[in-house]
Amino acid sequence: PLLFSRNRSAANLQSPEFPMRFFPLLALTALAPAFALERNELIGDWSCSTSYPALSARLDEHYEFRADGSAESDGMMTFFLKAGLLHYDVHSSDHWTLADNILAITIADRTVLRAFKPRMAEILAKSPELTAYEEKLFARLNHSDKDNRVRLTVTAHDAQTLHLRDDSGNVSECQRAK
């Protein structure tokens, strides 16, 4: 009833303008979660991949959300450079809350370690410019801000999958770990 006016008939649905006029609405409906993610649905183990296009980077991690509001994650941060891949092992101990499809994570403790493949270590040894870049990057990854909070919006979910977006537009796709 909401899609049709008095002047719109089923025959008008065949007009080329119908799909274009309603496609954005249909697309938004398909992407939006049908209902809010409940706290108990998040508890457990998840395998997540987060893309950071502006940094040419990706974080692949295993995340465990606990009922007491604590969480642990272990993963690999990869930066894609022309010269090769920079890998870092990342571990964090966190606290989390969930309200109105907003997952707020406060990082209590974070460890980042270099995990270069031998070939990348050789490339870095031969390039002072690349080494300087990597040292700045590593220092930034290990820098502890006063406000170590991440705010993620749940964009879609079901029992086995979780899609999130941070305030910068970076997307995380998670699968329930088995």
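You'll find the structure just up there.
Residues numbered from 1 in each chain as written. Predicted model: local features only at pLDDT ≥ 70, side-chain atom pairs only at ≥ 80, totals over all residues. Heavy atoms only, no water.

Chemist: Got a minute to help me understand the environment of A57 in this structure?
Modeler: Relative to the assigned elements, A57 resides in strand 2 (residues 57–65). Measuring from C-alpha to C-alpha, the distance between A57 and L86 comes to 9.2 Å, with 29 residues separating the pair along the chain. With residues near it in sequence (within four places) discarded, A57 still touches T50, S51, Y52, M77, T78, F79 and F80. (Helix = DSSP H or I, 4+ residues; strand = E, 2+ residues; numbered from the N terminus. Contact = heavy atoms within 4.5 Å.)

Chemist: Just to check I follow, could you spell out the packing of helix 3 (residues 118–126) against helix 4 (residues 128–142) for this structure?
Modeler: Pairs of packed helices are described in terms of their axes, by the angle between the two and the distance that separates them. At a minimum axis separation of 5 Å, helix 3 and helix 4 run at an interaxial angle of 110°. By the angle between their directions, the pair helix 3 and helix 4 is classed as roughly perpendicular. Taking contact as the criterion, the partners of M120, I123, L124, A125 and K126 in helix 3 are, on helix 4, P128, L130, T131 and E134. Residue composition of the contact of helix 3 with helix 4, by class: six nonpolar, one polar and two charged. (Axes fitted to C-alpha atoms, helices over the stretch in contact; angles between N-to-C directions. Parallel < 35°, antiparallel > 145°, perpendicular 65-115°, else oblique. Nonpolar A, V, L, I, M, F, W, Y, C, P; charged D, E, K, R; others polar.)

Chemist: What exactly am I supposed to notice about the state of the cysteines here?
Modeler: Every disulfide links exactly two cysteines, by a covalent bond between their sulfur atoms. Under the criterion given, the structure shown has one disulfide. The disulfide that involves C48 links it to C174, with 2.2 Å between the sulfurs. Note on the C48 and C174 pair: the S-S dihedral is about 115°, so by sign convention the disulfide is right-handed. Taken as a pair, C48 in strand 1 (residues 44–52) and C174 in strand 8 (residues 171–176) lie far apart in primary sequence, 126 residues in all. Classification of C48 by relative accessible area gives buried; the value is 10%. Judged by relative accessible area, which is 1%, C174 ranks as buried. (Disulfide = S-S within 2.5 Å. Buried < 20%, exposed > 50% of the residue type's maximum accessible area, 1.4 Å probe, protein only.)

Chemist: I'm lost on helix 4 in this one. Help?
Modeler: For an α-helix, 3.6 residues make a turn, and residues three or four places apart therefore share a direction. With 15 residues, helix 4 should cover 21 Å at 1.5 Å per step; its first-to-last C-alpha distance of 21 Å lies within 8% of that length. Buried within helix 4 are the following residues: L130, E134, L137, F138 and L141. The buried residues of helix 4 occupy one face: seen down the axis, they fall within an arc of 100°. Along helix 4, exposed side chains directed more than 90 degrees from the buried face belong to P128, E129, K136 and R140. Looking at the buried side of helix 4, the elements it contacts are strand 3 (70–81), strand 4 (84–99), strand 5 (102–114) and helix 3. (Expected span 1.5 Å × (residues − 1). Arc of directions from axis to C-beta.)

Chemist: How do you make sense of the nonpolar core when you look at a structure like this?
Modeler: In summary, soluble globular proteins display a tendency toward joint burial of nonpolar side chains. Judged by nonpolar contacts, the single largest core of 16 residues is most densely connected at L42, F65, W96, L103 and L162. Those elements giving two or more residues to this core turn out to be strand 1, strand 2, strand 4, strand 5, strand 6 (149–157) and strand 7 (161–166). Listed in part, the 15 residues of the second largest apolar core include L59, M77, Y88 and V112. (Core = buried A, V, L, I, M, F, W, Y, C linked by side-chain atoms within 4.5 Å.)

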